[in-house]
Amino acid sequence: GAGVSQSPSNKVTEKGKDVELRCDPISGHTALYWYRQRLGQGLEFLIYFQGNSAPDKSGLPSDRFSAERTGESVSTLTIQRTQQEDSAVYLCASSPTTGALYGYTFGSGTRLTVV
Amino acid sequence: DAKTTQPPSMDCAEGRAANLPCNHSTISGNEYVYWYRQIHSQGPQYIIHGLKNNETNEMASLIITEDRKSSTLILPHATLRDTAVYYCIVRVSGGSYIPTFGRGTSLIVHP
């Protein structure tokens, strides 16, 4: 597609439920990143995929968070047993290579609200 | 990555130039200066980048000091739609990379 697509755009869930967020990167982009942004804060790195290499999971805040990506296509971020502190905007970005920051394109994010 | 320092907020009158500063005193010779902005409810958007020469594109100009320890992003004729958070990032080009976005500068353009 023309840009990075994320779905859903908004998600309200009850505390303790599992949620799955989806990211469709730009076709041909080998690198994919997930970030979390709490209200009024900067972007917090979560996880990074590069082609078929093992993902960099160093930013995942707890074992309730996991992400998958099939090849160089769609990625899903799963949060199990959601907590209120998980409420944030979850942003996905993709780039054609790991180094070209100018080619870095973000989606519009998924706004997650845990009630 | 070299650390960057930006003022938390600025304001500017519509139609005037907005000059957003960024300090990066520990920048190394192969690190570029990148600027992104984030308009409310959207993901960050690339604006411009440079190594040591001043750069200009359709969105903005980037002025980098001769010692490269600071830079200024210039929006020559700010509009209300330029109200956003502006991020200055310093990083090498190439290699494994995870960009870090701090709090940036919140620019408010007023009528």
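Residues numbered from 1 in each chain as written. Chains lettered and ligands numbered in written order. Predicted model: local features only at pLDDT ≥ 70, side-chain atom pairs only at ≥ 80, totals over all residues. Heavy atoms only, no water.

1. Examining the overall build of chain B
Across its full length, chain B holds 0 helices and 9 strands. With the principal axes as the frame, chain B shows a C-alpha extent of 40 × 30 × 25 Å. Burial statistics for chain B: of 111 residues in total, 41% are counted as buried. With the model as given, the accessible surface of chain B reaches about 5,700 Å², and the carbon-plus-sulfur share is 50%. (Helix = DSSP H or I, 4+ residues; strand = E, 2+ residues; numbered from the N terminus. Buried < 20%, exposed > 50% of the residue type's maximum accessible area, 1.4 Å probe, protein only. Areas by Shrake-Rupley, 256 points an atom, 1.4 Å probe, with all protein chains shown as cover.)

2. What to know about the environment of T65 of chain B
Residue and element names in this part refer to chain B. Summarising the element assignment, T65 is placed in the loop between β6 (61-64) and β7 (70-75). Through-space distance from the C-alpha of T65 to that of N53 is 8.7 Å; in sequence the pair is 12 residues apart. In terms of polar contacts, T65 uses its side chain to reach the side chain of D67, at 2.8 Å. Only 3.4 Å separates the side chain of T65 from the backbone nitrogen of K69, close enough to count as a polar contact. (Polar contact = N/O pair within 3.5 Å; in protein donor to acceptor, adjacent residues only side chain to side chain.)

3. Brief notes about the layout of surface pockets
Approximately 650 Å³ is the volume attributed to the largest pocket. Lining the largest pocket are 32 residues, and of these Q37 and G40 of chain A together with Q38, H40 and S41 of chain B lie nearest its centre. Put simply, the parts of the chain that give the lining of the largest pocket at least two residues each are β8 (88-95) and β10 (110-114) of chain A together with β8 (84-92) and β9 (105-110) of chain B. Here the lining of the largest pocket is composed, by residue class, of 12 nonpolar, 17 polar and 3 charged. (1 Å grid on protein atoms, 1.4 Å probe; cavity = no way out; pocket = protein on both sides within 12 Å on 5 of 7 lines; lining within 4 Å. Points joined across faces, edges and corners; volume = space filled by probe spheres on them. Nonpolar A, V, L, I, M, F, W, Y, C, P; charged D, E, K, R; others polar.)

4. Observations regarding the packing of aromatic side chains
One pass over the full model with this rule turns up 13 aromatic pairs over all chains. An angle of 75° between the planes, with centres 6.1 Å apart, marks the rings of Y35 of chain A and F45 of chain A as edge-to-face. Here F45 of chain A lies in strand β5 (residues 44-50) and Y35 of chain A lies in strand β4 (residues 31-37), a separation of 10 residues in the sequence. When sorted by exposure, Y35 of chain A lands in the same class as F45 of chain A, which is buried. Seen from their ring centres, Y104 of chain A and F106 of chain A are 5.3 Å apart, and the 75° between their planes marks the pair as edge-to-face. Three or more aromatic residues link up through ring pairs in this structure, and these residues are Y33, Y35, F45, Y48, Y104 and F106 of chain A together with Y36, Y46, Y87 and F101 of chain B. (Phe/Tyr/Trp six-rings, centres within 6.5 Å; stacked < 30°, edge-to-face > 60°.)

5. Observations concerning unusual backbone geometry
The omega torsion of the bond from S7 of chain A to P8 of chain A falls at -10°, within 30 degrees of zero and hence cis. Residue R81 of chain A is not a glycine yet carries a positive backbone phi of 50°. Residue S41 of chain B is not a glycine yet carries a positive backbone phi of 70°. Residue classification places S41 of chain B among the partly exposed residues on the basis of a relative accessible area of 46%.

6. Description of the sheet that holds strand β5 (residues 55-56) of chain B
In sheet architecture, strand pairing relies on hydrogen bonds along the backbone and comes in two forms, parallel and antiparallel. Residue and element names in this part refer to chain B. Across the sheet, 4 strands lie side by side as β2-β7-β6-β5; this open sheet has antiparallel pairing. The open sheet has two edge strands, β2 (18-23) and β5, and neither has a second partner. With 2 bridges connecting them, β5 and β6 associate as antiparallel partners. Along β6, the bridge assignment pairs E55 with L62. (Pairing = 2+ DSSP bridges.)

7. Topic: the pattern of salt bridges
What the rule picks out here adds up to 4 salt bridges over all chains. In this structure, E44 of chain A engages R36 of chain A in a salt bridge whose closest nitrogen and oxygen atoms are separated by 3.0 Å. (Salt bridge = Lys/Arg side-chain N within 4 Å of Asp/Glu carboxyl O.)

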